Amino acid sequence: KPGDTITNMNPGGGGYGDPLERPIEKVVSDVRNGLVSIKGAKDEYGVVIKNKKTLEVDIAASKQLRNA
């Protein structure tokens, strides 16, 4: 009807390439925008966020996790 709205939320398309090679700043941006959780950043992208409020990254831990 006029004035009605429809919202359709779908999961991502999976992307391409090695997720461990995604630039850290882009992963943080994805977390900031609600596209990736902090747990997902660590588990899927190897990015360790040490402060939930500021989204500060533990670079040393991230490098170690990405190289494991």
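In case you missed it, the structure is sitting above this.
Computed from a prediction, not measured in an experiment: that's the story for all the values here. (Residues numbered from 1 in each chain as written. Predicted model: local features only at pLDDT ≥ 70, side-chain atom pairs only at ≥ 80, totals over all residues. Heavy atoms only, no water.)

### Considerations on the overall build of the protein
- Looking only at helices and strands, the protein has 3 helices and 2 strands in total.
- Tracing the protein from N to C terminus, the helices and strands come up as α-α-β-β-α.
- Taken over C-alpha atoms, the radius of gyration comes to 15 Å for the protein, far larger than the 11 Å a tight globule of 68 residues would show.
- Structurally, the protein occupies a C-alpha span of about 55 × 30 × 15 Å along its principal axes.
- Looking at the protein as a whole, 24% of its 68 residues are labelled buried.
- Within the protein, counting contacts between residues at least 6 apart in sequence, those at least 24 apart form 30% of the total.
- Accessible surface, the protein: about 5600 Å² in total, of which carbon and sulfur atoms supply 51%. (Helix = DSSP H or I, 4+ residues; strand = E, 2+ residues; numbered from the N terminus. Rg over C-alpha atoms; globule rule 2.2 N^0.38 Å. Buried < 20%, exposed > 50% of the residue type's maximum accessible area, 1.4 Å probe, protein only. Contact = heavy atoms within 4.5 Å. Areas by Shrake-Rupley, 256 points an atom, 1.4 Å probe, with all protein chains shown as cover.)

### Some remarks on the environment of Asp18
- Mapped onto the secondary structure, Asp18 falls in the segment before helix H1 (24–32).
- Looking at Asp18, its side chain comes within polar contact range of the main-chain nitrogen of Leu20, at 2.9 Å. (Polar contact = N/O pair within 3.5 Å; in protein donor to acceptor, adjacent residues only side chain to side chain.)

### A closer look at the pattern of salt bridges
- Per the counting criterion, the structure on display carries 3 salt bridges.
- A salt bridge links Asp43 to Lys39; the shortest N-O distance between them is 2.4 Å. Here the residue Asp43 and the residue Lys39 both occupy positions in helix H2 (residues 38–45), the gap between them amounting to 4 residues, near one helical turn.
- For Lys39, a relative accessible area of 58% gives the class exposed.
- Here Lys50 ties to Glu56 by a salt bridge, and the two come within 3.5 Å at their closest N and O atoms.
- Relative accessible area serves as the criterion here: at 41%, Glu56 is assigned to the partly exposed category. (Salt bridge = Lys/Arg side-chain N within 4 Å of Asp/Glu carboxyl O.)

### Some thoughts on unusual backbone geometry
- The backbone of Leu55 shows a phi angle near 60°, a positive value even though the residue is not glycine.
- Mapped onto the secondary structure, Leu55 falls in the loop between strand E1 (49–51) and strand E2 (56–57).
- A residue is classified by how much of its surface remains accessible, and Leu55, at 12% relative accessible area, is buried.

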